[in-house]
Amino acid sequence: MKKSLAIICISKNGLNIAKKILNNFNGDLYCLDKYADEKCLKFNSVPDITKKIFGEYEALVYIMATGIVVRSIAKVLNNKFKDPAVVVIDDGSNFVVSLLSGHYGGANELTHKISKILNATAVVTTATDVYDKFAIDVYMKKYNMMVNNFKLLKDFSVGVINGNFLKVYIEKELEEFDFVKEITERLSNATFEYISGEYDLSITFKDNTRSKLILYPKVLHVGLGFTSKVSHEELKNEIIRVFKKNNLSLNSVKTISSIDKKVQSESFKRLSVYMKEKYSTEVLSYKIEDIELVEDKFPVSDFVKRTIGVGAVARPCGYLSSNKGKELVYEKASGITISVYLENSKG
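Here's what I pulled together on the structure shown here. (Residues numbered from 1 in each chain as written. Predicted model: local features only at pLDDT ≥ 70, side-chain atom pairs only at ≥ 80, totals over all residues. Heavy atoms only, no water.)

Observations concerning the nonpolar core
- The biggest cluster of nonpolar side chains holds 53 residues, and the ones touching the most others in it are Leu174 and Leu215.
- If we ignore the near neighbours within four places in the chain, the residues touching leucine 174 are Phe179, Val180, Ile203, Thr204, Phe205, Pro217, Val219 and Leu342.
- Core analysis: the next-biggest nonpolar cluster, separate from the first, contains 22 residues, Leu5, Ile21, Ile63 and Val87 among them. (Core = buried A, V, L, I, M, F, W, Y, C linked by side-chain atoms within 4.5 Å. Buried < 20%, exposed > 50% of the residue type's maximum accessible area, 1.4 Å probe, protein only. Contact = heavy atoms within 4.5 Å.)

Structure follows, in structure tokens:
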């Protein structure tokens, strides 16, 4: 897991600026050996220290000339969705410049925060900020959405900046969520529709959308029950089958959950690793006492009651993890029970 912030400085005055910033942020302080004190992590070369720590932090703040930073990061850049935020401050703390990953990496936001601390001028050059336009990548990150194609975000942003008329499709079941309210308020040059078709942007948890750019909000919760003989491959394949059959997107899965005994099983652990790596899915575990509070809302199985201690697992877990949401799917097959819930928008 990446650490939050590193500040890199190469002068005595830069060290003082860095300490002022770190009075307001948690982070690591790197200083050129010549000016370092006992609180610093020492280095001798900006390019070398950049190469070493570039992938270790969410944000890097350099206090030095912009040219030094540009040359130092040039060989370690990946893409705007993986690179850390890079902010540059001059040695006199007159300007705070958002240099890299302004939107998705959060450099623009960090720039404004630091500029207030230093009473400096914030320099932000991303077009949507210059013209105070809706930024789709900031929006996507704010609501932890997944996207069908990162490259299409740029095309959509160009359309917003140029004032193009945009058609946006929103899944009807999502209209009460905060992320829908925000985009309908902020995106002025667009029409919003709830009938499936071809659009510039779709916001959906389904898989049959014909749209250039598709954003998948994390609104689906999967409750699982299964016998001890079920392997993680069988669990994974059954989830994939159920989602495909019911036209649901795994990109929208926010949580998978079960009773604690099952969550601790090898099958569930291996499934959770797969879901986390591929879909950034969280894992939730419920105790018998948690499920007993809502068990009377669902049909129960005497066999499951004798075996586990409660009469139902998948449905109560999906219900609880979705904050008492709406069940979309309930299926049983080959020792596996799957319940998929749509999150309660009021949660």
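Brief notes about the packing of aromatic side chains
- Applying the stated criterion to the full structure yields 13 aromatic pairs.
- Their ring planes at 40 degrees and their centres at 4.2 Å tell us that phenylalanine 81 and phenylalanine 150 sit as a pair that is tilted. With phenylalanine 81 in the loop between helix 3 (66–73) and strand 5 (85–89) and phenylalanine 150 in the loop between strand 8 (146–147) and helix 7 (151–161), this pair connects stretches of sequence that are 69 residues apart.
- The class for phenylalanine 150 is partly exposed, based on a relative accessible area of 38%.
- Here the basic side chain of lysine 141 rests over the ring of tyrosine 104, its NZ or CZ set 5.8 Å away from the ring centre. (Phe/Tyr/Trp six-rings, centres within 6.5 Å; stacked < 30°, edge-to-face > 60°. Helix = DSSP H or I, 4+ residues; strand = E, 2+ residues; numbered from the N terminus. Lys NZ or Arg CZ within 6 Å of the ring centre and 35° of its normal.)

Describing the packing of helix 9 (residues 232–245) against helix 11 (residues 266–279)
- Remark: helix 9 packs on helix 11, axes separated minimally by 8 Å, with the N-to-C direction vectors making an angle of 50 degrees. Comparing their axes, helix 11 and helix 9 come out oblique. In the packing of helix 9 onto helix 11, the handedness of the crossing is right-handed. Across the interface between the two elements, His232, Leu235, Lys236, Ile239 and Ile240 from helix 9 touch Ser267, Phe268, Arg270, Leu271 and Tyr274 from helix 11.
- Of the residues in the contact of helix 9 with helix 11, the class split is six nonpolar, two polar and two charged. (Axes fitted to C-alpha atoms, helices over the stretch in contact; angles between N-to-C directions. Parallel < 35°, antiparallel > 145°, perpendicular 65-115°, else oblique. Left-handed = near helix turned anticlockwise from the far one by under 90°. Nonpolar A, V, L, I, M, F, W, Y, C, P; charged D, E, K, R; others polar.)

Remarks on the layout of surface pockets
- Within this model, the largest pocket holds a volume of roughly 1600 Å³.
- Those elements that place two or more of their residues in the lining of the largest pocket are strand 1 (3–9), strand 4 (57–63), helix 4 (107–118), helix 5 (127–130), helix 6 (136–142), strand 8 and helix 8 (178–186).
- Forming the walls of the second largest pocket are 23 residues, and the residues nearest its centre are Gly225, Ser301, Val304, Lys332 and Thr337.
- Of all the secondary structure elements, the ones that give two or more residues to the lining of the second largest pocket are strand 13 (220–226), helix 13 (302–308), helix 14 (314–321), strand 16 (326–333) and strand 17 (336–342).
- Per element, the largest residue contribution to the lining of the second largest pocket is four residues, and it comes from helix 13.
- Residues belonging to the lining of the second largest pocket are distributed by class as follows: 12 nonpolar, eight polar and three charged. (1 Å grid on protein atoms, 1.4 Å probe; cavity = no way out; pocket = protein on both sides within 12 Å on 5 of 7 lines; lining within 4 Å. Points joined across faces, edges and corners; volume = space filled by probe spheres on them.)

A closer look at the side chain of serine 339
- Within the fold, serine 339 resides in strand 17.
- There is a polar contact of 2.7 Å between the side chain of serine 339 and the side chain of glutamate 327.
- Setting aside chain neighbours within four positions, we find serine 339 in contact with His221, Val222, Gly223, Ala314, Arg315, Glu327, Val329 and Tyr330. (Polar contact = N/O pair within 3.5 Å; in protein donor to acceptor, adjacent residues only side chain to side chain.)

Notes on the side chain of aspartate 137
- Considering the arrangement of structural elements, one finds aspartate 137 in helix 6.
- Sequence-distant contacts of aspartate 137, that is, excluding residues within four places in its chain, are made with Lys80, His103, Tyr104 and Leu153.

Considering the state of the cysteines
- Counting across every chain of the model gives zero disulfides.
- The structure places no disulfide on cysteine 9, whose sulfur is separated from the nearest cysteine sulfur, that of cysteine 31, by 3.6 Å.
- The class of cysteine 9 is buried, set by a relative accessible area of 0%.
- What makes cysteine 31 buried here is its relative accessible area of 0%. (Disulfide = S-S within 2.5 Å.)

It is worth stressing that arrangement in space is one thing and function is another; only the former is reported here.
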